[in-house]
Amino acid sequence: MKLHDIAINNLRRRKGKLVFLVIGLMVGVASVVALVTTVRALQEDIAHKMEEFGANILITPRSEGLSLTYGGLSLGGLSFDVQEISQDDVAKIKTIANSANIRIVSPKVFGVYEGPEHKKALVVGVDFNEELLLKKWWKVNGKDPELENDVLVGKDAAERLALTVGAPLDIKGERFRVAGILDTTGSQDDSLVFMWLPKTQELFGKQGTVGMVEVAALCKNCPISEIVSQISEKMPSAKVTAVQQVVAGRMDALHSFERFSLGISALVLLVGSMVVFVTMMASVNERTREIGIFSAIGFRRSHIMKIILLEASLVSLMAGVAGYFVGILATRVLLSVMSDQAPHFSLDPLVAVGAIFLAVVIGLAASFYPATAASRMDPSEALRTL
């Protein structure tokens, strides 16, 4: 009879202890698998949803600036040698190496509306198909602009110009219709008048150029700095900058999920290892006579340790396999509860291998001291109990 036969027969005789050990370690492994897969799925879902709100890259005309002061008094700044952005260059953004990370490109043209009683407002020409996707927090009273002469007016601008939904608005001698009015956003959008981009370029004589481009890029799988440098290569006459506050805030939110999952996983694994340690220690104490007999008939200390550790390995292996599948089932339940539309997640073989490896390592680590104590047991104490 070999050592592994002794270990297997002992587990068969003590089915109750076997089930208790497997369940104790399985719960720990299943919790870790569920946390890791759930957090990973939520990270993907949150990253996708966060990227849908607002731009994280701004492209503006490159210019030289000069700050004017006289006698310590600031007189403002002066910009010169302004290089306009060509609309043909905007199309090059979708040709960069990481074009798959570019979600929205929203070019803009600016002009000034002068109404009666010298009331003025800044007019922004946009592609509403892109702008409405970029700014999903907009709430429009009325309808989204559909026709060429439809405009969208910010709340403050509408009040200042006495405009209502459906009211006419004359800009540069051409009649427009207010399709909708934005609810208060708390930003500069409240004071703006939005028009279709081609019409704005035509009215203000800016055909073929844009004043600014807002880009929403998926920055989870590709560093935003790489995308910025790639766009700069395609548009050397423009200044490309990342909105670092937005990017940093999004990535911090994702990293907080990772830290949370690691902390909870470590706690659950600690509890699982303690269950294995206490159970194996109790098992060694119960098997004093058996271990003493092994020593009396010639088993070495290393043999006794191997028997205990082999039992722990078999138990850990079963707990790892069972824990992985229970953790995957728990993930499906958690995601269905936490979201109306459960984020998709795929089975990762690395997680399965990692779960089994982790279970075996924890089982062996928790059983090492009980195995050492068993190997040092005095055989004469066991023989007295016979």
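Refer to the structure printed above.
Residues numbered from 1 in each chain as written. Predicted model: local features only at pLDDT ≥ 70, side-chain atom pairs only at ≥ 80, totals over all residues. Heavy atoms only, no water.

Caption draft 1: A look at the overall build of the protein. Secondary structure summary: the protein contains twelve helices and 13 strands in total. The 386 residues of the protein split such that 43% are buried. A separation threshold of at least 6 residues defines the contact pool for the protein, and within that pool the share at least 24 residues apart is 78%. For the protein, the exposed area adds up to about 20,400 Å²; of that, 60% sits on carbon and sulfur atoms. (Helix = DSSP H or I, 4+ residues; strand = E, 2+ residues; numbered from the N terminus. Buried < 20%, exposed > 50% of the residue type's maximum accessible area, 1.4 Å probe, protein only. Contact = heavy atoms within 4.5 Å. Areas by Shrake-Rupley, 256 points an atom, 1.4 Å probe, with all protein chains shown as cover.)

Caption draft 2: Main features of the packing of aromatic side chains. Taken as a whole, this structure holds three aromatic pairs when the rule is applied. Between F128 and W196, the aromatic rings sit 5.0 Å apart at their centres with planes inclined by 80°, giving edge-to-face as the arrangement. Residue F128 is found in helix α4 (residues 128-134), and its partner W196 is found in strand β10 (residues 192-196); the two are separated by 68 residues along the sequence. (Phe/Tyr/Trp six-rings, centres within 6.5 Å; stacked < 30°, edge-to-face > 60°.)

Caption draft 3: Expanded view of the pattern of salt bridges. Enumeration over the complete set of coordinates arrives at nine salt bridges. For the salt bridge of D89 with K92, the shortest nitrogen-to-oxygen distance reads 3.3 Å. A salt bridge links E131 to K135; the shortest N-O distance between them is 3.0 Å. Each of K108, E131, K135, D189 and E214 takes part in one network of salt bridges that share partners. (Salt bridge = Lys/Arg side-chain N within 4 Å of Asp/Glu carboxyl O.)

Caption draft 4: The nonpolar core, seen in detail. Ranked by internal contacts, the top residues of the largest apolar core, which has 22 residues, are I57, I59, I93, I102, V213, I227 and I231. When residues of this core are traced back to their parent elements, those giving at least two are β1 (57-70), β4 (102-114), β12 (212-217), α7 (224-234) and β13 (238-242). Ranked by the residues each element gives to this core, the list is headed by α7, at four residues. Excluding residues that lie within four positions of it along the chain, I59 makes contacts with I85, I93, M212, V213, V215, I231, M235, A238, K239 and V240. Within the second largest apolar cluster, 20 residues are counted, among which are L18, A352, A355 and I362. (Core = buried A, V, L, I, M, F, W, Y, C linked by side-chain atoms within 4.5 Å.)

Caption draft 5: Spatial organisation of the environment of I356. By secondary structure assignment, the location of I356 is in helix α11 (residues 349-375). Through-space distance from the C-alpha of I356 to that of Y324 is 7.6 Å; in sequence the pair is 32 residues apart.

Caption draft 6: Up close: a nonpolar patch on the surface. Taken together, the side chains of L267, L270, V271, M274 and V278 make up a nonpolar region of the molecular surface, amounting to roughly 480 Å² of accessible area. Checked against the element boundaries, V271 lands in helix α8 (residues 244-286). (Patch = residues over 30% accessible without salt bridge, like charges linked within 9 Å, V, L, I, M, F, W, Y side chains within 5 Å.)

Caption draft 7: Just the side chain of Q201, in detail. Within the secondary structure, Q201 sits in helix α6 (residues 197-203). You can call Q201 buried: its relative accessible area is 6%.

Caption draft 8: Here's a closer look at unusual backbone geometry. The phi torsion at A162 lies on the positive side, around 55°, for a residue other than glycine. Within the secondary structure layout, A162 lies in the loop between α5 (155-160) and β8 (168-171). Given the relative accessible area of 64%, A162 is considered exposed.

Caption draft 9: Just the pairing of β10, in detail. Among the five residues that make up β10, five are buried, leaving the element largely enclosed by the rest of the structure. Judged from the five bridges that link them, strand β5 (residues 120-126) and β10 form a sheet pairing that is parallel. Pairing of V126 across the sheet is with W196, part of β10. As paired elements, strand β7 (residues 150-153) and β10 share two bridges and run antiparallel to each other. Pairing of L152 across the sheet is with F194, part of β10. (Pairing = 2+ DSSP bridges.)

Caption draft 10: Looking closely at the environment of T37. Structurally, T37 can be placed in helix α2 (residues 15-51). Separated by 311 residues in the primary sequence, T37 and D348 place their C-alpha atoms 8.9 Å from one another. The residues contacting T37, other than those within four sequence positions of it, are I328, T331 and V351. One polar contact links the side chain of T37 to the main-chain carbonyl oxygen of V33, over a distance of 2.6 Å. A polar contact of 2.5 Å, which involves the side chain of T37, links it to the side chain of T331. (Polar contact = N/O pair within 3.5 Å; in protein donor to acceptor, adjacent residues only side chain to side chain.)

Treat this as a map of the structure, not an account of what it does.
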